[in-house]
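# Survey of secondary and tertiary structure
Here's the letter readout for the chains.
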Amino acid sequence: DAGVTQSPTHLIKTRGQQVTLRCSPKSGHDTVSWYQQALGQGPQFIFQYYEEEERQRGNFPDRFSGHQFPNYSSELNVNALLLGDSALYLCASSLDRGVRSNQPQHFGDGTRLSIL
Amino acid sequence: SQKIEQNSEALNIQEGKTATLTCNYTNYSPAYLQWYRQDPGRGPVFLLLIRENEKEKRKERLKVTFDTTLKQSLFHITASQPADSATYLCAPFTGFQKLVFGTGTRLLVSP
């Protein structure tokens, strides 16, 4: 049973460029969340997708956008890259059971994005 | 504003001892709180979940407590082993499975 897979594992971009990161959730999961983790910090919530819609969003600018496909996989897009966007981007999946759901999140190993 | 605080400095202990990690939160009233382990270069891995009406939860050598009056959770690893060395993250529940993490505490267990 494959867990959460993310691609690519590493990526180097320059300021102003655009990037797309991809995530395949754990089999049977329908909810995908994206997190940004700067060095030495805890993961910060970017947004969450459920039923192909953005359901929640953290405190990130509109440069960060996403998409969820009918097979539940997801993409994270970041436009006009800044040096401060350098981080580990984590995808997490879970099975939705409503607003009070306490399902554990299953994380991928992330994409390490470096901005030069 | 909502805030989660964990020991920012690394916790160094000797093998066999009990490690205790602290998670304090403010301006939250979480119904649940989760603990995760993260190894370098890897994603977090779920360890334990504790509900607000549970004072204590155990899983093998792990124990979590949840004091909603103090707004604090403690995470204990008994008989610690070098393989327990990692960063441990707490995450109070905020609805719809959105996790808000603390900065994490790095645990180093020496042989």
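What follows deals with the pattern of salt bridges. Residues and elements named next belong to chain B. On inspection of all chains with the given rule, the structure shows 11 salt bridges over all chains. Note that Lys3 is salt-bridged to Glu5, the shortest N-O span being 3.5 Å. On the accessibility criterion, Lys3 (45% relative accessible area) is partly exposed. Using a relative accessible area of 41% as the deciding quantity, one classes Glu5 as partly exposed. With a closest N to O distance of 3.8 Å, Lys57 and Glu54 form a salt bridge. Shared partners join several salt bridges into a network, and the residues in it are Arg51, Glu54 and Lys57.

As a further point, take the interface of chain B and chain A. Contact with chain B, which involves 22 residues of that partner, is made by 27 residues of chain A. Across the chain B/chain A interface, buried area totals approximately 2,100 Å², and carbon plus sulfur atoms make up 50% of it. At the junction of chain B and chain A, the tally comes to one salt bridge. Linking chain B with chain A are five residue pairs in polar contact (both at pLDDT 80 or more), by the criterion used here. Broken down by secondary-structure element, the contributors of at least two residues to the side of chain B that touches chain A are strand 4 (32–38) and strand 5 (45–51) of chain B. Among the elements that line the side of chain B that touches chain A, the one with the most residues is strand 4 of chain B, at four residues. Classifying every residue of the side of chain B that touches chain A gives 11 nonpolar, eight polar and three charged.

Definitions and cut-offs
Residues numbered from 1 in each chain as written. Chains lettered and ligands numbered in written order. Predicted model: local features only at pLDDT ≥ 70, side-chain atom pairs only at ≥ 80, totals over all residues. Heavy atoms only, no water. Salt bridge = Lys/Arg side-chain N within 4 Å of Asp/Glu carboxyl O. Buried < 20%, exposed > 50% of the residue type's maximum accessible area, 1.4 Å probe, protein only. Contact = heavy atoms within 4.5 Å. Buried area = accessible area lost by both parts, 1.4 Å probe. Polar contact = N/O pair within 3.5 Å; in protein donor to acceptor, adjacent residues only side chain to side chain. Helix = DSSP H or I, 4+ residues; strand = E, 2+ residues; numbered from the N terminus. Nonpolar A, V, L, I, M, F, W, Y, C, P; charged D, E, K, R; others polar.

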